[in-house]
Structures are given as C-alpha cells and as structure tokens.
Amino acid sequence: MPPYGVREFQLMLLRRMADHHPELVDDALRELGASHAELRAAHNAWQARLRSRTHPGGAQRYRMALGPPERELERRVGDLTCRAVQWPLPLWPDLRFEVLCGPGGRSVWNEWLVRAPGAAPPPLGGTEDLAPWSCVVEDVVRAFPPTAPLPPDAPSRARLALTAPETGERLVAHFTWGLLQYVADR
C-alpha cells in the first residue's frame, strides 16, 4: 500500500464532511494544497486499509498513519475502562483526533475529533451560536444540558437531541467525525 500520513488522513476526514459543507471542504483543500482527486484517493486508500486482512487494525492502524500519539489515557465509560489515544491535526489546531479502544487496543470503539486539552470551547449562549465546524460533540453537551445521543445515521456520524434554551424547541445537532455540521428541527 502507498504511504499514508497526516495529510491523507485529514483529506479522508474531509471526504465525509463534504456531504454537508462542500464550501468549507473547498477552503480546507486550499489550505492543504490538495485537490478533490487527492481527497477521493485518500478516502479510497483508507477504505482499502480498513478492509485489508493484512493491514493492522485497532489503534495500530492510526499510529501507522498519524505517528506517535500526543496523549494516551485511560477513561471510564460506564462500567468499562477504555484507552483514549489522541493526535493533533494541523487543519484543526484546537482539536485532537481521538480513538477510544478496548483492552489491548485491538478494537476501536469510537473515533472522532475532540477539544484539545487546554483549548477553550467557543462561546455557545444559544442555538444561533451553533455554526458549522465551530464545535465538537462535548462542547454541545456541556452548553445545552440535557442532551441525548441519538442513533447515528451513518458511520462516522453522531447526532444529539437538544432543546433550544431561547424557544424550548427540540433540535438535533448533526456531527461528522465529531465536528458539528448542522442543526435541524427534530
């Protein structure tokens, strides 16, 4: 398989975000000096790695693409203990790509962008502040309690039910790789 690094990984993440905000993806491609063809090639190469019987799985797959992680820590999720592994990505300096792994790092339970340690979340006073690519799942959970996770509508996507504090309206925040894409009526 051809080499796959941080740049290609960012392009792969952008591929799914293009479904909702092609204009933001175009801006990111310009910042990376990349084309749509490179974006598609990076996505296809990642998919080939996911389906390969010989390419390592679990956390090792991400280490091969992203290098040594910036942080590794144990995290409790209910009664289970998992390992959170985080990498910086130049395209999103205030965020980290986080992989939650089961014991031994062989199974990946979740993978998404999270707020970097010490990075301040955006001010979220009301739903008008929920702009595309402005926040991650945890930012919305903290700013709009109570929220409730909804079943994802596709791999790499998450959804949260929330109530608009200004109107009491029930809304759904849609995320791709943990990054907010849009908010819609429930």
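Up top you'll find the structure we're talking about.
These notes cover the structure that comes with them. (Residues numbered from 1 in each chain as written. Predicted model: local features only at pLDDT ≥ 70, side-chain atom pairs only at ≥ 80, totals over all residues. Heavy atoms only, no water.)

Some words on the overall build of the protein chain
Then comes step 1: Each helix and strand counted, the protein chain has five helices and eight strands in total.
Then comes step 2: Listing the helices and strands of the protein chain from first to last along the sequence gives α-α-α-α-β-β-β-β-α-β-β-β-β.
Then comes step 3: A compact globule built from 186 residues should have a C-alpha radius of gyration of about 16 Å, and the protein chain, at 17 Å, falls within 12% of that.
Then comes step 4: Each of the three principal axes of the protein chain carries a C-alpha extent, and together these read 50 × 40 × 30 Å.
Then comes step 5: When burial is assessed residue by residue, the protein chain has 44% of its 186 residues classed as buried.
Then comes step 6: Counting contacts in the protein chain only where the partners sit at least 6 residues apart, residues at least 24 apart contribute 41% of the total.
Then comes step 7: Split by element, the accessible area of the protein chain, about 9,500 Å² in all, is 54% carbon and sulfur.
Then comes step 8: Within the protein chain, the 22 negative side-chain charges are centred at a point lying 9 Å from the centre of the 22 positive side-chain charges. (Helix = DSSP H or I, 4+ residues; strand = E, 2+ residues; numbered from the N terminus. Rg over C-alpha atoms; globule rule 2.2 N^0.38 Å. Buried < 20%, exposed > 50% of the residue type's maximum accessible area, 1.4 Å probe, protein only. Contact = heavy atoms within 4.5 Å. Areas by Shrake-Rupley, 256 points an atom, 1.4 Å probe, with all protein chains shown as cover. Lys, Arg positive; Asp, Glu negative; His and termini not counted. Charge placed at Lys NZ, Arg CZ, Asp CG, Glu CD.)

Here's the deal with the layout of surface pockets
Then comes step 1: Looking at the largest pocket, its volume works out to about 360 Å³.
Then comes step 2: Forming the boundary of the largest pocket are 18 residues, of which Glu111, Pro155, Ser156, Arg157 and Trp177 lie nearest the centre.
Then comes step 3: If you list the elements that add at least two residues to the lining of the largest pocket, you get helix 1 (6–17), helix 3 (36–51), strand 4 (108–115) and strand 6 (157–163).
Then comes step 4: Tallying contributions element by element places helix 3 first for the lining of the largest pocket, with four residues.
Then comes step 5: Its residues placed into classes, the lining of the largest pocket shows nine nonpolar, five polar and four charged. (1 Å grid on protein atoms, 1.4 Å probe; cavity = no way out; pocket = protein on both sides within 12 Å on 5 of 7 lines; lining within 4 Å. Points joined across faces, edges and corners; volume = space filled by probe spheres on them. Nonpolar A, V, L, I, M, F, W, Y, C, P; charged D, E, K, R; others polar.)

Points about the pairing of strand 6
Then comes step 1: By the criterion of burial, strand 6 is predominantly enclosed, with five of the seven residues buried.
Then comes step 2: Here three bridges tie strand 5 (residues 148–150) to strand 6, and the two strands are oriented antiparallel to one another. Paired with Leu150 across the strands is Arg159, a residue of strand 6.
Then comes step 3: In textbook terms, the turn of a hairpin is the stretch between consecutive antiparallel strands, and for strand 5 and strand 6 this stretch comprises six residues, one of which, Ser156, has a positive phi near 75°.
Then comes step 4: Where strand 6 meets strand 7 (residues 170–176), seven bridges bridge the pair, whose relative direction is antiparallel. The residue of strand 7 that forms the bridge with Ala161 is Val172.
Then comes step 5: Here strand 6 folds back onto strand 7 in antiparallel fashion, the turn holding six residues, of which Gly168 has a positive phi close to 80°. (Pairing = 2+ DSSP bridges.)

Notes on the side chain of His21
Then comes step 1: Its location among the elements puts His21 in the loop between helix 1 and helix 2 (22–32).
Then comes step 2: When its relative accessible area of 12% is taken as the criterion, His21 is described as buried.
Then comes step 3: A distance of 3.0 Å separates polar atoms of two side chains, one belonging to His21 and the other to Glu23.
Then comes step 4: At 2.6 Å, the side chain of His21 and the backbone oxygen of Gln181 are in polar contact. (Polar contact = N/O pair within 3.5 Å; in protein donor to acceptor, adjacent residues only side chain to side chain.)

Concerning empty space enclosed by the protein
Then comes step 1: Summed over all chains, the structure comprises one cavity of 30 Å³ or more.
Then comes step 2: For the largest cavity, the calculated volume is near 30 Å³.
Then comes step 3: Together, His20, Asp153, Arg157, Ala158, His174, Phe175, Thr176 and Tyr182 line the largest cavity.
Then comes step 4: Elements supplying a minimum of two residues to the lining of the largest cavity: strand 6 and strand 7.
Then comes step 5: No other element matches the three residues that strand 7 contributes to the lining of the largest cavity.
Then comes step 6: When its residues are assigned to classes, the lining of the largest cavity shows three nonpolar, three polar and two charged.

A look at the packing of aromatic side chains
Then comes step 1: Following the criterion strictly, the structure yields nine aromatic pairs and no others.
Then comes step 2: Connected via pairs of aromatic rings, a cluster forms that spans Tyr4, Phe9, Trp46, Tyr62, Trp87, Phe97 and Trp177. (Phe/Tyr/Trp six-rings, centres within 6.5 Å; stacked < 30°, edge-to-face > 60°.)

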